[in-house]
Amino acid sequence: MASLSSVAVTSIPKFDLEFRKSSQHSLSTEKSSNISYQRNSTTTLPDRFIDPKCLDFREALSILNEGTKIESAYYVPLLQQCIDNYSASEAQIIHTHIIKTGAHEDMFLMTFLINVYSKCGVMDYAHEVFDKLPVKNVVTWTALITGHVRNSQPELAIEVFKELLEAGAYPTNYTLGAVLSACSSLYDIKMGKQIHGYIIKYQIESDTSIGNSICSLYSKCNCFDFAVKAFGRIPEKNVISWTTMISACGDNGEAQKGLDFFVEMLSENGEPNEFTMTSVLSLCCVLQALEFGKQVHSVSIKLGCLFNTPVKNSIMYLYLRSGQTDEARKMLNAMETVSLITWNAMIAGYAQMTDVEKDVVTAQHSGTEALNIFLKLNRSSVKPDLFTFSSILTVCSSLVASAQGEQIHAQAIKTGSLSDIVVGSALVNMYNKCGNIEGATKAFVEMPTRTVISWTSMITGYAQHGRPQQALQLFEDMTLAGGRPNKITFVGVFSACSHAGMVDEAMRYFKMMKKEYKIKPVMEHFACLIDMFVRLGRLQDAFDFIKKMNFEPNEFIWSILIAGCRSHGNMELGFYAAERLLELKPKDSETYVLLLNMYLSAARWKDVSRVRKMMKDEKIGKLKDWSSISIRNIVRSFKPDDRSDTHSPEMYALLNDLLDKAKNLGYVSQKSLEMADEEEKGKTFSSVVHHSEKLAVAYGLLKMPSSASIRVLKSISMCRDCHSFIKYISALAGREIIIRDSKRLHQFNNGHCSCGDFGSLL
DNA sequence: CGCTCATAAT
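Residue indices follow the written sequence of each chain, beginning from 1 at its first position. Chain labels run from A onward and ligand labels from 1 onward, assigned in the order the entries are written. In keeping with the predicted nature of the model, local features appear solely for residues at pLDDT of at least 70, side-chain atom pairs appear and are counted solely at 80 or more, and the whole-chain, interface and lining totals rest on all residues. Each side-chain value is derived from all of the structure's non-hydrogen atoms; neither hydrogens nor water enter the calculation.

Draft legend 1. Layout of empty space enclosed by the protein. A cavity here means a set of 1 Å grid points, computed over protein atoms only, where a 1.4 Å probe fits but cannot escape. A pocket is an open set with protein on both sides within 12 Å along at least 5 of 7 lines, and lining residues have an atom within 4 Å of a point. Grid points are joined across faces, edges and corners, and a volume is the space filled by probe spheres set on the points. Considering all chains together, one arrives at three cavities of 30 Å³ or more under this definition. Quantified by volume, the largest cavity comes out at close to 40 Å³. Lining the largest cavity are His-409, Leu-418, Gly-424, Leu-427, Ala-443, Glu-446 and Met-447. For the lining of the largest cavity, the residue count by class is four nonpolar, two polar and one charged. Charged residues are taken to be Asp, Glu, Lys and Arg, nonpolar residues to be Ala, Val, Leu, Ile, Met, Phe, Trp, Tyr, Cys and Pro, and polar residues to be all remaining types, Gly included.

Draft legend 2. Here's a closer look at the environment of Gln-411. Within the element layout of this structure, Gln-411 appears in helix α22 (residues 402–414). In this structure the C-alpha to C-alpha distance between Gln-411 and Ile-70, which are 341 residues apart in sequence, comes to 52 Å. Helix and strand assignments follow DSSP, with helices taken as H or I runs no shorter than four residues and strands as E runs no shorter than two, numbered in order from the N terminus.

Draft legend 3. Inspection of the confidence of the model for chain A at higher detail. Taken over all residues, the pLDDT of chain A has a mean of 84, while the share at 70 or more is 88%. Ignoring residues within four places in sequence, the model shows residues 1–44, a span with pLDDT below 50, making 67 contacts including any to other chains. Values of pLDDT, the confidence the predictor places in each residue, fall between 0 and 100. Two residues form a contact once any of their heavy atoms are found within 4.5 Å. In this model residues 672–686 is a low-confidence stretch, pLDDT under 50, and it forms 33 contacts with partners more than four residues away in sequence or in other chains.

Draft legend 4. How the structure looks around the state of the cysteines. In this description, the term disulfide denotes a pair of cysteine sulfurs within 2.5 Å. For the structure on display, the rule yields zero disulfides. In this structure Cys-183 is a free cysteine whose sulfur lies 8.0 Å from that of Cys-221, the closest cysteine sulfur available. The class of Cys-183 is buried, set by a relative accessible area of 1%. You can see Cys-719 has no disulfide; the closest cysteine sulfur is in Cys-722, sitting 3.8 Å from it. Each residue's exposure class comes from its accessible area (1.4 Å probe, protein chains only) as a fraction of the maximum for that residue type: buried when under 20%, exposed when over 50%, partly exposed otherwise.

Draft legend 5. Structural detail: the nonpolar core. Residues enter a nonpolar core if they are buried and are Ala, Val, Leu, Ile, Met, Phe, Trp, Tyr or Cys, with the set joined through side-chain atoms within 4.5 Å. Counting residues in hydrophobic clusters, the biggest one holds 199 residues, and the most contacted among them are Ile-195, Ile-530 and Leu-561. Three or more residues apiece are contributed to this core by two domains, here domain 1 (4–240) and domain 2 (552–621). Excluding its chain neighbours within four sequence positions, the residues that come into contact with Leu-561 are Val-534, Leu-539, Ala-542, Phe-543, Ile-546, Leu-573 and Ala-577. In terms of nonpolar packing, the next biggest core, distinct from the first, is built from 31 residues, Ala-662, Val-697, Phe-725 and Ile-726 among them. Each domain span listed reflects an automatic or database assignment of domains.

Draft legend 6. Up close: the domain arrangement of chain A. Parsing chain A into structural domains produces domain 1 (4–240), domain 2 (552–621) and domain 3 (638–673 + 683–753). For domain 2 and domain 3, the distance between their C-alpha centroids amounts to 27 Å. At the interface, six residues of domain 2 touch seven residues of domain 3. Accessible area that two parts lose when put together, evaluated with a 1.4 Å probe and summed over both, is termed the buried area. Surface buried jointly by domain 2 and domain 3 totals about 490 Å² across both partners, of which 39% is contributed by carbon and sulfur atoms. Of all residues in domain 2, Arg-566, Glu-590 and Asn-597 give up the largest surface area on contact with domain 3, accounting jointly for 70% of the area buried on that side. Just to be clear on terms, a salt bridge is a Lys or Arg side-chain nitrogen sitting within 4 Å of an Asp or Glu carboxyl oxygen. At the junction of domain 2 with domain 3, the criterion picks out one salt bridge. Of all elements in the fold, only α31 (555–568) and α33 (589–601) reach the threshold of two or more residues within the side of domain 2 that touches domain 3. For the side of domain 2 that touches domain 3, a count of residues per class yields two nonpolar, two polar and two charged.

Here it is as structure tokens:
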């Protein structure tokens, strides 16, 4: 990393503050064409030559090509057109003419040319112009620095800044603003603080734009408190100051404070603009503050911001995220231009709904909606980008929509999007969630660079697919490659140890996590470790571990212990754990079903009715059993005993046939899932046979090519009966069957399951 | 004179 320490910074003379006074008004791209150079009155060129709106570029060029000598002022509107057209080649033509006529001795014109080239994205040309200047001043230096910042070359910007200091030039507030911006993009807080030091020393901290830049720097470097302080020190806050502060709150997970700042801004008669509104709206999204958002919507109308596309996009996205799909539609219909960002906001909005929605039916509905929008986007003239791909891959992950995911993978390759780490991680995640460990491995290996997220995703993937050794090997690879594991990485590691029953290894990693990486253990870590003891049948060790941890055990921990006690027949400990669990008054109906089943199998009827009463008092609903399967672009979902599909007769016949064959091989149908409702009691047994995942698997067997794997998503945990039966199906039909339920991934092959026949199966 | 600061989506 570049450092200023190599430069004799202490020798910086006082800043040339005169510059600031004469440059109060900022220079927008439009204004810069109206620079008033002294014009020579003898010039014979038409007046419209200086008005960019009336100027015909070709006509102007032909005049230039005749060898007409013109004042340098006349080049400015022409060069402005080059910027507007983002055309470096047009700029070069004019540049050639400038050299021919000797206008290149005009310092101001050459500074402008540096800007033109940098705004057209060709920093090499800008550098060339700069290098050929016989005399350089602080503005030419600053133009070059700004160019590098604009073209995402912050390191080079810093290099040039150091050269400027070495050359003994005087940086201005403009220069330092650009350098601060470079520090921000590099997240280089150390150098940023040095610059801040000079700014204080030379007393230009009170300059509004400098204050804004400092606030922005601290925010980008996650120093939120410093950002707030910097904001407070700006004596004359403008709309940019407020907007910077508000978006800083969003970037630093302080959304509520952002809304407070917005209210404060309004009360101090600050006038928000379209930038402010989009920032505030994104905070409303984070906070799910729909009512506040609606008010922001009406303020936007009053301020006339609603004509701004980003504002409309943000409002639409807020409505979508809040589940107000009709309102979102209205906003969409009111848009005259539908940009890629609009598409992305729609897809991401539905993707989010898919991800957070507990009700699987609703989740599937929004997921399907997102896929439909993506199809429409592909038929339009707009090309999807990195955001689109990562959002839509998340949808495929949530829906276990493997075929769609693979298609999108192919499209991502074609568009060169695979070099992006977010898209790469989304792909690894998609294949893992779809139970395709080979696909995930391939996507992971092909990533150009890996992040903690992709490493962790892959480690967890191996653990979930019952490949603990590979998971642990990957963890070693990760640390060897210099990757720093986080708490989620360790959840994956412990989960692998739990699968492999590697108690000593687990304890070693547990120590490593606390000592070496200074990560405080959280409930998920304990859950994995307790699960490990339980799997091994070491229930007392599990219980001791619970007592040892510095946490009050939650529902999840007790449920694991209860499930283990039930499997290993240690009922005494099971009943104790059940009492602790009931004290917590869980809200989850699956937990109660687990308890009911335990008491039922022990014939403790008093407890059975006690649990039932509690469920009524706590208003716990019935289990919502749903399963879905994606075939081509259609997501098909099934309820238990579902007969809504036209192929239902064939599905049920197929299931009966498989049931008979499985029984011949030793399968025993069992009544394992108690319905939450007493009236359901009599019907329970028949329901077990037609649980939703059995139907979805049958549908897949009928509809999918005979070699294809069958992938099913299920809303609740699988019951023991289904788990056992589907193992038989995988052997009988010679198919790989993957079921992702609410708790874990089950990969069935040749009569075996990757979960190791263990888990909190109901 | 010329050079800067803030926005929506993973």
